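# Structure at a glance
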Amino acid sequence: MESSNGLLSYYSILGVHAHSSDEEIRRAYRKLAMQWHPDKWTKNPTLLGEAKQKFQQIQEAYSVLSDKRKRTMYNAGVYDPDGDDKDVEGFADFLEEMVSLMDDVRNEAMYSEQLKRIQVAV
């Protein structure tokens, strides 16, 4: 799975789904970090460069997906890895609130639909 800029998505790098829990993300990170840690590859210099690159990707993906604000921004498609976190802090709060409100509306619609079915059945 590639992101819009042609790079692998952070979810793909860790081998998890976008709806994965924090615990699933943490487990995937730990497994991959152990597998690709550059210290494990020092005896094989031909693959050491690749291991360093993969390890860096794994670290970056985890640093974003393990942080609730960064993950919200990333999922919304507005996360800038080179941006200043303080500049987007308010926007992250706004996005989190919008996602929460959308979930509330979705849940309310499901509840209303279930209530209508119950009333029709009675």
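Residues numbered from 1 in each chain as written. Predicted model: local features only at pLDDT ≥ 70, side-chain atom pairs only at ≥ 80, totals over all residues. Heavy atoms only, no water.

### Considering the overall build of the protein
Basically, it comes down to this: Strands are runs of DSSP state E lasting at least 2 residues, helices are runs of H or I lasting at least 4, and numbering of each runs from the N terminus. When accessible area is computed with a 1.4 Å probe and restricted to protein chains, residues below 20% of their type maximum are described as buried, those above 50% as exposed, and intermediate ones as partly exposed. Residue contacts are defined here by distance: any two heavy atoms, one from each residue, within 4.5 Å place the two residues in contact. Here the open area of atoms and residues is found with the Shrake-Rupley method and a 1.4 Å probe, where only the protein chains shown may cover a residue.
Helix and strand counts for the protein come out as five helices and zero strands. The linear arrangement of helices and strands in the protein, starting from the amino end, is α-α-α-α-α. Counting all 122 residues of the protein, 23% fall into the buried class. A sequence separation of at least 24 residues applies to 40% of the contacts in the protein between residues at least 6 apart. Taken as a whole, the protein presents about 9,200 Å² of accessible surface, with 54% of it coming from carbon and sulfur.

### Topic: the nonpolar core
Definition in use: For this analysis, a nonpolar core means a set of buried residues of the types Ala, Val, Leu, Ile, Met, Phe, Trp, Tyr and Cys, connected via side-chain atoms within 4.5 Å.
Of all hydrophobic cores here, the largest spans 20 residues; its most connected members are Tyr10, Leu14, Val16, Trp36, Ile58, Leu65 and Tyr74. Elements with a contribution of two residues or more to this core: helix 1 (10-14), helix 2 (22-36) and helix 3 (45-65). Residue contributions to this core peak at seven residues, all from helix 3. Every residue in contact with Tyr10, bar those within four places of it in the chain, is listed here: Glu60, Ala61, Val64, Leu65, Tyr74, Tyr79 and Pro81.

### Observations regarding a nonpolar patch on the surface
As a reminder, the rule being used: A residue counts toward a patch only above 30% relative accessible area and without a salt bridge, and it is joined to like-charged neighbours within 9 Å or, for Val, Leu, Ile, Met, Phe, Trp and Tyr, to nonpolar neighbours within 5 Å. Any Lys or Arg side-chain nitrogen found within 4 Å of a carboxyl oxygen on Asp or Glu counts as a salt bridge.
A grouping of Phe94, Met98 and Leu101 is seen on the molecular surface, where their side chains present a nonpolar patch of about 260 Å² in accessible area. Relative to the helices and strands, Leu101 resides in helix 5 (residues 85-121). Relative accessible area serves as the criterion here: at 40%, Leu101 is assigned to the partly exposed category.

### Observations concerning the packing of aromatic side chains
Short version of the rule: Each Phe, Tyr or Trp ring (for Trp, its six-membered ring) is paired with any other whose centre lies within 6.5 Å, and the angle between the two planes then decides the class: stacked below 30 degrees, edge-to-face above 60, tilted in between.
Summed over all chains, the structure comprises four aromatic pairs. Ring centres of Tyr10 and Tyr74 lie 4.7 Å apart, and the angle between their planes is 25°; on these two criteria the pair is classed as stacked. With a gap of 64 residues between them, Tyr10 in helix 1 and Tyr74 in helix 4 (residues 68-76) connect regions that are remote in the sequence. Judged by centre distance (4.0 Å) and plane angle (15°), the rings of Tyr29 and Tyr62 are stacked. In this pair, Tyr29 is assigned in helix 2 and Tyr62 in helix 3, connecting sequence segments 33 residues apart.

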